[in-house]
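Here's the letter readout for the chains.
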Amino acid sequence: MNIRISTRNMLSLTVFFVLIVATSRSNAQTAQTITLEQAVEMSLKNSKQLKLSQTNVDLAALNIRQIKDNQLPSLSVSASYLRLNSPNIDLKIRQSDSTSSGSSFQVHQAMYGMASASLPLFSGFRFKYGLESARYLEQAAKLDSEYDRDAVIQNTISAYSNLYKSKKAVDLVSENLKREHERVVEFTNREKNGLLARNDLMKAQLQESNVQLALLNAENDLKITMVNTGLLLGLPENTALVADSNSFISLKAAGNVSEWEQTALSHRKDIAANGIRQKAADSDIKTAKADLYPSVALTAGYVALNIPGVAMIPNAMNAGIGVRYDVASLWKSGTKIEQARVRVGQLKTNEEILLDRIHLEVNTAYYNYVLSQRKIDVYAKAVEQADENYRITKNKYDNSLVTTTDLLDADVAQVQSRIDYEAAKADAVVAFKRLEQTAGVIN
């Protein structure tokens, strides 16, 4: 019996020593304390999603540039050298009303060069409304980028909160594990001296094992959270991060849900982008109608021709105004115009869907924030109650008035209440930032 107890003591001490060494090594690693504001700033700087959104803005700007380029003069130059077979050419040149002379010769080659230029003067307002639509789409792309920016901020805040909760869980469980180990050592000595039932010692040892498993899970969650946070912030994979607890102290009043809804309607980037896309779609209708008008352009050209032994024209130039009208557009443009009108209707319906979604999102975020505030108060009282319960239960246990099971249950309740309280503080900050995001005013 004594040998078995001694072996158990050695095993418990070994486990405790390993935990202390692991903890000391973890603390020895340089941990970077980062504030919530710093985390948001780094995530905005290194976000791949925002870089992708910026490319959409750049493409929209290039589309505007392309439309403007189409309004510039066009110039084309071509030249050819032709090697011919041996055709017989008989020229008839009339010299008077009754007589004509002719000559016969062979042509083996011909050369010519051409240059033509065109400057559009009128294209049925196609350029005007096309440029207007492109500018609206550029504004919408910028609003989409800002909407994605808000989402990146919210994701960063959620990751930061998880980092804080994971670290707090590790600290609290580690502290509890030390206390459980001290209890096991105490119970082992008492059982060895015949002052404690073996069953009570086994309960304490089982409790210690459960806390060890809880610590392993908490440490694993912390590692995963650090990897996720590091990816969001653009930090190296092995960077150890610590969330600043001061970021989870102050909370703002919830206010009125109807005010939050009004704020969302005037500040949400997605609904603003949809409104601008409606303007772009209206411009697309006018662009489609441009096919019903003729196109007018200022034209000029130059031709040089050389047929050895026959003719040489070095400077044939022309200039004028060209008019082009596609008669088929009278019956072909109707479909394009109707398609543009349907897109306008789609965007209006999408606006109604957005309004319903905003109403739901704001209300959900608002009541979740109110709930998170109330949870903090409840968990704060729970911590006080759990501490007092453990103190009373410990006194009763020391006086043999309660069982070991009661003491261990009180210990678990105390640790869990502290973990829940820390998590509630972090969740409340996330809930408020989510409310700000749904209202379009997160920063």
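Residues numbered from 1 in each chain as written. Predicted model: local features only at pLDDT ≥ 70, side-chain atom pairs only at ≥ 80, totals over all residues. Heavy atoms only, no water.

K.L.:
Can you lay out the overall build of the protein for me, pointing to particular residues and giving the numbers?
P.N.:
Looking only at helices and strands, the protein has nine helices and eight strands in total. Evaluated residue by residue, the protein yields a buried proportion of 34% over its 443 residues. By element, 55% of the accessible surface of the protein is carried by carbon and sulfur atoms, the whole surface being about 26300 Å². (Helix = DSSP H or I, 4+ residues; strand = E, 2+ residues; numbered from the N terminus. Buried < 20%, exposed > 50% of the residue type's maximum accessible area, 1.4 Å probe, protein only. Areas by Shrake-Rupley, 256 points an atom, 1.4 Å probe, with all protein chains shown as cover.)

K.L.:
Tell me about the confidence of the model for the protein, and name the residues and values.
P.N.:
Counting all residues, the mean pLDDT for the protein is 85, and 88% of those residues have values of 70 or more. For the stretch residues 1-28, pLDDT sits under 50, and the model shows 17 contacts to residues farther than four places along the chain or on other chains. (pLDDT = per-residue confidence, 0-100. Contact = heavy atoms within 4.5 Å.)

K.L.:
An account of the side chain of Lys425 is requested, with residue identities and associated values reported.
P.N.:
The residue Lys425 is located in helix H9 (residues 404-439) in this model. A residue is classified by how much of its surface remains accessible, and Lys425, at 18% relative accessible area, is buried. A distance of 3.3 Å separates polar atoms of two side chains, one belonging to Lys425 and the other to Glu422. Leave out the neighbours within four places in its chain, and Lys425 touches Tyr164, Phe248 and Ile376. (Polar contact = N/O pair within 3.5 Å; in protein donor to acceptor, adjacent residues only side chain to side chain.)

K.L.:
So what about the nonpolar core? Which residues, and what values?
P.N.:
Side chains that are nonpolar tend, in soluble globular proteins, to be buried together. Judged by nonpolar contacts, the single largest core of 27 residues is most densely connected at Ile157 and Tyr160. Sorting the residues of this core by element identifies helix H2 (36-46), helix H4 (126-192), helix H5 (198-233), strand S6 (240-243) and H9 as the ones contributing at least two each. Tallying contributions element by element places H4 first for this core, with nine residues. Apart from residues no more than four positions distant in its own chain, Ile157 is found in contact with Leu36, Val40, Val430, Lys433 and Ile442. Formed by 15 residues, the second largest nonpolar core is a distinct cluster that contains Ala365, Tyr369, Val370 and Ala431. (Core = buried A, V, L, I, M, F, W, Y, C linked by side-chain atoms within 4.5 Å.)

K.L.:
Give me unusual backbone geometry: which residues, what numbers.
P.N.:
Unlike most non-glycine residues, Ser400 shows phi in positive territory, near 60°. Ser400 gets classed as exposed once you look at its relative accessible area, which sits at 64%.

K.L.:
Explain the environment of Ala380 to me, and be specific about the residues and the numbers.
P.N.:
Mapped onto the secondary structure, Ala380 falls in helix H8 (residues 329-398). With a relative accessible area of 27%, Ala380 lands in the partly exposed category. Once the C-alpha coordinates of Ala380 and Tyr421 are considered, the two residues, 41 residues apart in sequence, prove to be 6.2 Å apart.

K.L.:
Talk me through the side chain of Glu261; I want residue IDs and the actual numbers.
P.N.:
Along the polypeptide, Glu261 turns up in helix H6 (residues 257-267). Here Glu261 occupies a buried position and makes no salt bridge, while the nearest side chain of opposite charge, Arg268, is found at 10 Å. (Lys, Arg positive; Asp, Glu negative; His and termini not counted. Salt bridge = Lys/Arg side-chain N within 4 Å of Asp/Glu carboxyl O.)

K.L.:
Before we move on, could you go through the environment of Leu196 and cite the residues and values that matter?
P.N.:
Inspection of the secondary structure puts Leu196 in the loop between H4 and H5. The residues touching Leu196, leaving out its near neighbours within four places in the chain, are Phe187, Arg190, Glu191, Leu201 and Tyr397.

K.L.:
Mind laying out the packing of aromatic side chains, listing which residues take part and the relevant values?
P.N.:
Tallied over the entire structure, the rule returns eight aromatic pairs. Note on Tyr366 and Tyr367: the rings are 5.1 Å apart at their centroids and 80° apart in plane angle, and the pair reads as edge-to-face. One cation-aromatic arrangement involves Arg179 over Tyr390; the distance from NZ or CZ to the ring centre is 4.8 Å. (Phe/Tyr/Trp six-rings, centres within 6.5 Å; stacked < 30°, edge-to-face > 60°. Lys NZ or Arg CZ within 6 Å of the ring centre and 35° of its normal.)

K.L.:
Describe in detail the pattern of salt bridges, supporting the description with residues and values.
P.N.:
Tallying each qualifying case throughout the model produces 18 salt bridges. The partner of Arg126 in a salt bridge is Asp291, and the shortest N-O contact between them spans 2.5 Å. Of this pair, Arg126 sits in helix H4 while Asp291 sits in the loop between helix H7 (269-289) and strand S7 (295-307), and the two are 165 residues apart along the sequence. Owing to a relative accessible area of 28%, Arg126 belongs among the partly exposed residues under this scheme. What emerges from the salt-bridge pattern is a single network uniting Arg179, Glu180, Arg183 and Asp411.

K.L.:
So what about H9? Which residues, and what values?
P.N.:
For H9, which comprises 36 residues, the first-to-last C-alpha distance of 52 Å matches the rise-based estimate of 52 Å (1.5 Å per residue) to within 8%. Backbone geometry just downstream of H9 places Gly440 in the positive-phi region, at approximately 80°. (Expected span 1.5 Å × (residues − 1).)

K.L.:
So what's going on with the packing of H2 against H4? Which residues, and what values?
P.N.:
The N-to-C vectors of H2 and H4 enclose an angle of 135°; their axes lie 9 Å apart at closest approach. Comparing their axes, H4 and H2 come out oblique. Crossing angle aside, the handedness with which H2 passes H4 is right-handed. Only Arg149, Val152, Ile153, Thr156, Ile157 and Tyr160 of H4 make contact with H2, whose side of the interface consists of Leu36, Ala39, Val40, Ser43 and Leu44. Considered class by class, the residues forming the contact of H2 with H4 number eight nonpolar, two polar and one charged. (Axes fitted to C-alpha atoms, helices over the stretch in contact; angles between N-to-C directions. Parallel < 35°, antiparallel > 145°, perpendicular 65-115°, else oblique. Left-handed = near helix turned anticlockwise from the far one by under 90°. Nonpolar A, V, L, I, M, F, W, Y, C, P; charged D, E, K, R; others polar.)

K.L.:
Describe the environment of Leu121, and please don't skip the residues or the numbers.
P.N.:
Counting through the fold element by element, Leu121 comes out in strand S5 (residues 109-122). For the pair Leu121 and Ser295, spaced 174 residues apart in the sequence, the C-alpha separation amounts to 7.8 Å. Ignoring sequence-local partners within four residues, the contact set of Leu121 consists of Val296, Ala297 and Leu298.

K.L.:
Summarise the pairing of S7; cite the residues concerned and give the values.
P.N.:
In terms of strand pairing, S5 meets S7 through 11 bridges, oriented antiparallel. Note on S7: the bridge partner recorded for Phe122 is Val296. The pairing of S7 with strand S8 (residues 311-324) spans 12 bridges and is classified as antiparallel. Paired with Thr299 across the bridge in S8 is Gly320. In sequence, S7 turns back onto S8 through a hairpin of three residues, with Gly309 there showing a positive phi of about 80°. (Pairing = 2+ DSSP bridges.)

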